[in-house]
Amino acid sequence: EQMKMFLTRLGFNSKIVITGDVTQIDLPADKRSGLVEAAKVLRGIDDIAITQFNEKDVVRHKLVQDIVRAYEKYYSDTARRTKK
């Protein structure tokens, strides 16, 4: 609800940049992420761009890239096992 409230306040000649990391959402399981929901709802609107980064975009220490890659592999492997 808060994300919708924020986004619908956009004025003429305005721009909004929203950043977040969907891998670090710490909401209870029964709560929806406004960031995740907004990305789904707004996908396909011509004047809205949604960019998702991956481990190649991490410009910190190499170890951080390795950690991000390991988590992505873990979740990918887990999703494959659950579908079987």
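Heads up: these notes are all about the structure in this document. (Residues numbered from 1 in each chain as written. Predicted model: local features only at pLDDT ≥ 70, side-chain atom pairs only at ≥ 80, totals over all residues. Heavy atoms only, no water.)

1. Digging into the overall build of the chain
What the chain contains, in helices and strands, is three helices and zero strands. What you see in the chain, going N to C, is helices and strands ordered as α-α-α. At 16 Å, the chain has a C-alpha radius of gyration far larger than the 12 Å of a compact globule built from 84 residues. C-alpha atoms of the chain, sized along the principal axes, occupy 45 × 30 × 25 Å. Within the chain, the proportion of its 84 residues that are buried is 8%. Taking the contacts inside the chain whose residues are at least 6 apart along the sequence as the reference set, 18% of them involve residues at least 24 apart. (Helix = DSSP H or I, 4+ residues; strand = E, 2+ residues; numbered from the N terminus. Rg over C-alpha atoms; globule rule 2.2 N^0.38 Å. Buried < 20%, exposed > 50% of the residue type's maximum accessible area, 1.4 Å probe, protein only. Contact = heavy atoms within 4.5 Å.)

2. Structural notes on helix H2 (residues 34-42)
Near the N-terminus of H2, the side chain that reaches the backbone nitrogen of Leu-35, with its oxygen 3.3 Å away, is that of Ser-33. A positive phi of about 100 degrees marks Gly-44, the residue just after H2. (Polar contact = N/O pair within 3.5 Å; in protein donor to acceptor, adjacent residues only side chain to side chain.)

3. A closer look at the environment of Phe-12
Among the secondary structure elements, Phe-12 is positioned in the loop between helix H1 (2-7) and H2. Distance in space between the C-alpha atoms of Phe-12 and Ile-50 is 20 Å, their sequence separation being 38 residues.

4. Quick look at the pattern of salt bridges
Tallied over the entire structure, the rule returns five salt bridges. A salt bridge links Asp-66 to Lys-62, with the shortest nitrogen-to-oxygen separation between them at 2.9 Å. On the criterion of helical spacing, the pair formed by Asp-66 and Lys-62 is a turn pair, its members being four residues apart in helix H3 (residues 62-83). Between Asp-66 and Arg-69 there is a salt bridge, with the nearest N and O atoms lying 3.0 Å from each other. Taken as a pair, Asp-66 and Arg-69 lie in helix H3 at a separation of three residues, close to a single helical turn. What you see here is one network of salt bridges that share partners, running through Glu-1, Arg-32 and Glu-37. (Salt bridge = Lys/Arg side-chain N within 4 Å of Asp/Glu carboxyl O.)

5. Some thoughts on unusual backbone geometry
Phi angles above zero are rare outside glycine, and Asn-13 is one such case at about 60 degrees. Relative to the elements of secondary structure, Asn-13 occurs in the loop between H1 and H2.

6. A short note on the side chain of Ser-33
Turning to its location among the elements, Ser-33 is positioned in the loop between H1 and H2. A distance of 3.1 Å separates a polar side-chain atom of Ser-33 from the backbone nitrogen of Val-36. With residues near it in sequence (within four places) discarded, Ser-33 still touches Ile-25 and Leu-27.

It is worth stressing that arrangement in space is one thing and function is another; only the former is reported here.
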